[in-house]
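As a plain string of letters, each chain reads:
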Amino acid sequence: MSRADFLPPNLGPGRTFALVAGVEKYDISHGWDLNGPARDAMRFAQWLTGPGEVPPEHVRLLLSPLEPRALDWSASPGLAALQGTYRPATEANVTSVLFDELPKCDGDLLWIFWAGHGFLDRSRELMLPYADALPGRIRHLNLDSALRWWRTDLVAHRRFPLQASLVDACRVDAPRDTRWNFGSMNYGGGATVPGRRQFRLYASREGEAAQNDSERSAGRFTEALLGELGARSVREGVAGLAGAARSIHRGFEELRERGEGWQLPQFVVDRDWDACSFLDEDPPDALPPRAARLDQRAWDELGDLFEGRDLPRCGYEAYAWAFKVAGCTTPVQGGLPGDTLLEVVQDLDERLGGRGGLPLAVPFVRFLAARAGASDAAWSARLGGWVHATRERLALPALPPPPAPPLSTVLHVRLETPPGGEDGFLARMWLRREVAEQIWESQAGPVRLDAVREELVRQLARVGSVPGADGEAGRSHDAVQRIEFHVPYELLESDFDRWPVPRGRAPGRTRALGLLYQVVVRCPQEREDSVAEWRTKWRWLRAQGGRHSAAVRVVADAEVTDVLGMELGAGAAPACVLAHTSTAARTGALVEAVLEGGVPVAVWRPGGGAAAGGLVELLAPDGRPQPGALDVLALPARVREVRRAAAGMTGGAEGNRQLAAGADRLVLLWDDPDDKLTLRSLA
């Protein structure tokens, strides 16, 4: 029986209806805005009303574009006919179309096309936010619940036996932060109608992002889908959806094999019209390859190797490198899939692999062995022995050497209040490369901050001109990347980032220190009572690679209480706090709670007040709204980017982002307990 035999005999344009939605602009925040979904929706509607020959009055087009006047309706007569009938993609309009208007239509085929943001709830159901989503109530379509509703007798029995859902959206976990309230949506339904078939094609697997080409205003999924549909009629298009899905899947697999598609989505399809999985029907060599699995001996030995071992600092680096070596895509969600080494290995052992049949756990352990060599030679040797024995026993290919840790140079400035209450500060500077080297100390007594600044400028010039060991130009890490100020509590909000630094040969030309270097502050005196929490949080953060859904907590005025410090210190997370406090007093109380709880990283605005749209929008890549998207370990560099953007120094997408006045006035507390020298008091 052919695929076409499953189609109703009278299926054609006149018995086809569609909901087509594209959301670019969201009320919740400018950081949610996308460039492309509205045009993707229009192009799909153009195929429906063009080659598909579906009457325009059968298409419900819902658009919330960034620039309505920029939309081009002239591509086809069918598209032009929709210009006067499209509506915004709001909750009221979507629910009206999907649960009221379309169920009353007499048709054989329903298309649902959606382009925009997408999140998974705790039940792994897909939530598609509407244009009028707001933080307190993120209005959204629960697509899974809606499709269940459409299979029931609430839609007349003989109507819409075929329903195709195509979604160009991410399928990442919904933000867990209390500021983003998705709530839950369940549309209920009646009795399931036998024989109704649904086809689903998503742009990404669970936990992965769908890529958008902002320069072309096009989603990669939609681009590939429309390329497959081409000039087909609606009957040909729906009959060939399974083949189109396979072709799209193969195309992206080929990109990955060539190393050109590391950031491109992987495709997951649900069921064909006969309820068979599309990819299950492929020949074996067309299936996504499954990695070889570890044998029982390997598991027994790993249990012994990992017993009593915490996740190492390089845990996420090792996890990501395992995917790269095996030739597969790293999961887009940040962080590790478990809290122990064995849980991480179990996750790796259950995943799809690359073409070489390499168990992903083997390169993971290989990476751990390489990084453990400097600090624990015995464990490193045991890990290396396990890798060698497992490769020999399972006949696995050789592995490339893991990358060496990145080299960097950090200049530390430590300021202490004189014990006798004299004016000025006792000061010391040291450089941290592979080892720490003290380079200056205020031996004559306390000095003023102006003198510290002048000495800092001299030291920066000296370090920048030091040649390498071979007499040639210094190594790349010889130039200072970051300056860390270890200061008393009362200096935390000092404008070190605005200290003027001479720049170029022209006399009097200066640049702000925070534009040239990553500038952070530390508060060592306030860490004495929270050392255990401080170390636990930092090492957990490093093991997670700086990104985890629980790593960042946004704190507003109402949450600043007398017990906030104890709440923050109760577990490994959060390791970073973003302050949305409104006044200097509230901000001060929050910073005290951060230090009491051992939180190593915090960002706030001097004197209080939140940046327009919030700090997550300002600091996260592409303005993604969830705190879990924030790479905490990249914050020093990201804060410098914000400062440069505010000064008009950057180009591209970041430079074009509109920053509110004072958005660059940020304090970044960045306290790495593993980069803390035990020094005698300067007093």
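Since the structure is predicted, the reported quantities are computational estimates derived from the model, not experimental observations. Each residue is numbered by its place in its chain's sequence as written, counting from 1. Local features in this predicted model are restricted to residues whose pLDDT is 70 or higher, and side-chain atom pairs enter the listing and the counts only when it is 80 or higher, whereas totals over whole chains, interfaces and linings include all residues. The side-chain values count all of the structure's non-hydrogen atoms but skip hydrogen atoms and water molecules.

**Quick look at the overall build of the protein**
- Secondary structure summary: the protein contains 20 helices and 23 strands in total.
- Here the protein holds 683 residues, and 53% of them are scored as buried.
- The contacts of the protein with a sequence gap of at least 6 include a subset with a gap of at least 24, amounting to 75%.
- Split by element, the accessible area of the protein, about 29,000 Å² in all, is 49% carbon and sulfur. In this text, helices come from DSSP runs of H or I with a minimum length of four residues, and strands from runs of E with a minimum of two, each type numbered from the N-terminal end. Using a 1.4 Å probe on the protein chains alone, a residue whose accessible area is under 20% of its type maximum counts as buried, one over 50% counts as exposed, and one in between counts as partly exposed. By definition in these notes, contact holds between two residues if any of their heavy atoms fall within 4.5 Å. Note that accessible areas follow from Shrake-Rupley with a 1.4 Å probe, and for residues the cover is restricted to the protein chains shown.

**Side note on the packing of helix H1 (residues 37-49) against helix H5 (residues 220-229)**
- For the pair H1 and H5, the least separation of the axes is 11 Å and the interaxial angle reads 10°. Considering the angle they form, H1 stands roughly parallel to H5. Across the interface between the two elements, Asp 40, Arg 43, Phe 44 and Trp 47 from H1 touch Thr 222, Glu 223, Leu 225, Leu 226 and Leu 229 from H5.
- Nonpolar residues are Ala, Val, Leu, Ile, Met, Phe, Trp, Tyr, Cys and Pro. Charged residues are Asp, Glu, Lys and Arg, and all others, Gly as well, are polar. When the residues that make up the contact of H1 with H5 are grouped by side-chain class, the tally is five nonpolar, one polar and three charged. Axis definition: a line fitted to C-alpha atoms, over the contacting stretch in the case of helices. Angles run 0 to 180 degrees between N-to-C directions. Relative orientations are named as follows: roughly parallel for angles under 35 degrees, roughly antiparallel for angles over 145 degrees, roughly perpendicular for angles from 65 to 115 degrees, and oblique for any other angle.

**Some thoughts on the sheet that holds strand S4 (residues 119-120)**
- Only strands joined by at least two bridges in the DSSP assignment are considered to pair. The strand order across the open sheet built from four strands is S6-S5-S4-S8, with neighbouring strands paired in mixed fashion. Two strands close off the open sheet at either side, each with one partner strand: strand S6 (140-142) and strand S8 (172-173).
- Packing of helix H4 (residues 143-150) onto the sheet brings it into contact with strand S5 (126-129) and S6, and relative to S6 it is tilted by some 50°.

**Some thoughts on the packing of helix H11 (residues 361-372) against helix H12 (residues 377-394)**
- Relative to each other, H11 and H12 sit at 155°, their axes nearing to 8 Å. Viewed along their axes, H11 and H12 adopt a mutual orientation that is roughly antiparallel. As for the relative orientation of H11 and H12, their crossing is left-handed in sense. Residues Ala 361, Val 362, Val 365, Arg 366, Leu 368, Ala 369 and Ala 372 of H11 touch H12, and the partners they reach there are Ala 377, Trp 379, Ser 380, Leu 383, Gly 384, Trp 386, Val 387, Thr 390 and Arg 391.
- Looking at the contact of H11 with H12, its residues break down into eleven nonpolar, three polar and two charged. Note: crossing handedness is left-handed where the near helix turns anticlockwise from the far helix by less than a right angle, and right-handed where it turns clockwise.

**Concerning the pairing of strand S9 (residues 197-202)**
- Buried residues dominate S9, accounting for five of its six residues.
- Here strand S7 (residues 162-168) pairs with S9 via six bridges, running parallel. The residue bridging Ser 165 from the neighbouring strand is Arg 200, located in S9.

**Points about the packing of aromatic side chains**
- Only Phe, Tyr and Trp rings are paired, with Trp represented by its six-membered ring, and only when their centres lie within 6.5 Å; those with planes under 30 degrees apart are stacked, over 60 edge-to-face, the remainder tilted. Scanning the entire structure with this criterion turns up 21 aromatic pairs.
- Among the aromatic residues, ring-to-ring pairing joins Phe 17, Phe 99, Trp 149, Trp 150, Phe 160 and Tyr 187 into one connected group.

**Structural notes on the nonpolar core**
- Residues grouped as a nonpolar core are buried Ala, Val, Leu, Ile, Met, Phe, Trp, Tyr and Cys residues, joined through side-chain atoms within 4.5 Å. The biggest cluster of nonpolar side chains holds 45 residues, and the ones touching the most others in it are Leu 411, Val 413, Leu 415, Leu 456, Ile 483, Phe 485 and Leu 513.
- The greatest single-element share of this core, amounting to five residues, is contributed by helix H17 (residues 584-596).
- Once residues lying within four places of it in the same chain are set aside, the contact partners of Val 413 are Arg 428, Met 429, Val 452, Leu 456, Ile 483, Glu 484, Phe 485 and His 486.
- With 44 residues, the next largest nonpolar core counts Tyr 26, Ile 112, Ala 131 and Ala 174 among its residues.

**What about H17?**
- Any helix carries an expected span of 1.5 Å times its number of residues minus one. Taking 1.5 Å as the rise per residue, H17 with 13 residues should run 18 Å; its terminal C-alpha atoms sit 18 Å apart, in good agreement.
- Every buried residue of H17 is accounted for by Thr 587, Leu 590, Val 591, Ala 593, Val 594 and Leu 595.
- For H17, the secondary structure elements touched by its buried residues are strand S20 (552-556), helix H16 (564-568), strand S21 (576-580), strand S22 (601-604) and strand S23 (667-670).
- Downstream of H17 by a residue or two, Gly 598 has a phi angle that is positive, lying close to 75°.

**A look at the side chain of Glu 125**
- Looking at where Glu 125 falls in the secondary structure, it is placed in the loop between S4 and S5.
- Judged by its relative accessible area of 16%, Glu 125 is buried.
- A polar contact of 3.1 Å, which involves the side chain of Glu 125, links it to the side chain of Asn 142.
- In contact with Glu 125, other than residues within four places in its own chain, are Phe 119, Leu 120, Asn 142, Asp 144 and Arg 148. A 3.5 Å cut-off defines polar contacts: any pair of N or O atoms within that distance qualifies, except that in protein one atom must be a possible hydrogen donor and the other a possible acceptor, and neighbouring residues in sequence count only when both atoms are side-chain atoms.

**Re the pattern of salt bridges**
- Throughout this description, the term salt bridge denotes a Lys or Arg side-chain nitrogen within 4 Å of a carboxyl oxygen of Asp or Glu. In this structure the tally under the stated criterion is 33 salt bridges.
- A salt bridge links Arg 148 to Glu 125; the nearest nitrogen and oxygen atoms lie 2.7 Å apart. You can see Arg 148 sitting in helix H4 and its partner Glu 125 sitting in the loop between S4 and S5, a full 23 residues away along the chain.
- When its relative accessible area of 39% is taken as the criterion, Arg 148 is described as partly exposed.
- Residue Glu 484 is joined to Arg 522 by a salt bridge in which the shortest nitrogen-to-oxygen separation is 2.8 Å. Here Arg 522 lies in strand S19 (residues 518-522) and Glu 484 lies in strand S16 (residues 482-486), a separation of 38 residues in the sequence. The pair Glu 484 / Arg 522 is uniform in exposure class, with both members buried.
- One salt-bridge network, in which partners are shared between bridges, spans Arg 482, Glu 484, Arg 522, Arg 527 and Asp 671.

**With respect to the side chain of Ser 442**
- Within the secondary structure layout, Ser 442 lies in the loop between strand S15 (436-441) and helix H13 (449-465).
- The exposure class assigned to Ser 442 is buried, which follows from its relative accessible area of 9%.
- At 2.8 Å, the side chain of Ser 442 and the backbone nitrogen of Ala 427 are in polar contact.
- When residues no more than four places from it in sequence are discounted, the contact partners of Ser 442 are Phe 425, Leu 426, Ala 427 and Val 447.

**Some details on helix H10 (residues 341-349)**
- For H10, the set of buried residues is Leu 341, Val 344, Val 345, Asp 347, Leu 348 and Asp 349.
- Buried-residue contacts for H10 involve helix H8 (296-306), helix H9 (315-326), H11 and H12.

**Section: the confidence of the model for the protein**
- Residue-level confidence of the predictor, termed pLDDT, takes values from 0 up to 100. The predicted model of the protein averages 82 in pLDDT, with 81% of residues at 70 or higher.
- Taken element by element, the predicted model of the protein shows its lowest mean pLDDT in helix H20 (residues 652-656) (38) and its highest in strand S2 (residues 59-64) (97).
- Below pLDDT 50 for its whole length, residues 277-290 participates in 37 contacts with residues either more than four positions away or in separate chains.
- Ignoring residues within four places in sequence, the model shows residues 466-477, a span with pLDDT below 50, making 13 contacts including any to other chains.

**Considerations on the environment of Leu 460**
- Along the chain, the position of Leu 460 falls in helix H13.
- Not counting residues within four places of it along the chain, the set of residues in contact with Leu 460 comprises Leu 411, Val 480, Ile 483, Leu 513 and Tyr 517.

**Focus on a negative patch on the surface**
- Patch criteria: residues need more than 30% relative accessible area and no salt bridge. Like-charged residues are merged within 9 Å; nonpolar side chains of Val, Leu, Ile, Met, Phe, Trp and Tyr are merged within 5 Å. A residue counts as positive if it is Lys or Arg and as negative if it is Asp or Glu; His and the chain ends are not included. Charged groups are reduced to one reference atom each: NZ for lysine, CZ for arginine, CG for aspartic acid, CD for glutamic acid. The grouping of Glu 490, Glu 526, Glu 528, Asp 529, Glu 592 and Glu 596 at the surface amounts to a negative patch.
- Structurally, the position occupied by Glu 528 is in the loop between S19 and helix H15 (531-543).
- Looking at Glu 528, the relative accessible area reads 61%, which means it is exposed.

**Points about the pairing of strand S13 (residues 410-416)**
- Within S13, seven of the seven residues are buried, leaving the element largely enclosed by the surrounding structure.
- Judged by which residues are buried, S13 turns out to be covered on both faces: Val 410, His 412, Arg 414 and Glu 416 on one side and Leu 411, Val 413 and Leu 415 on the other are all buried.
- In this sheet, strand S14 (residues 426-432) lies alongside S13 in antiparallel orientation, the contact comprising seven bridges. Each bridged residue has a counterpart across the sheet, and for His 412 the counterpart in S14 is Trp 430.
- Where S13 lies against S16, five bridges are found, and the strand directions are parallel. By the bridge assignment for S16, Val 410 is matched with Arg 482.

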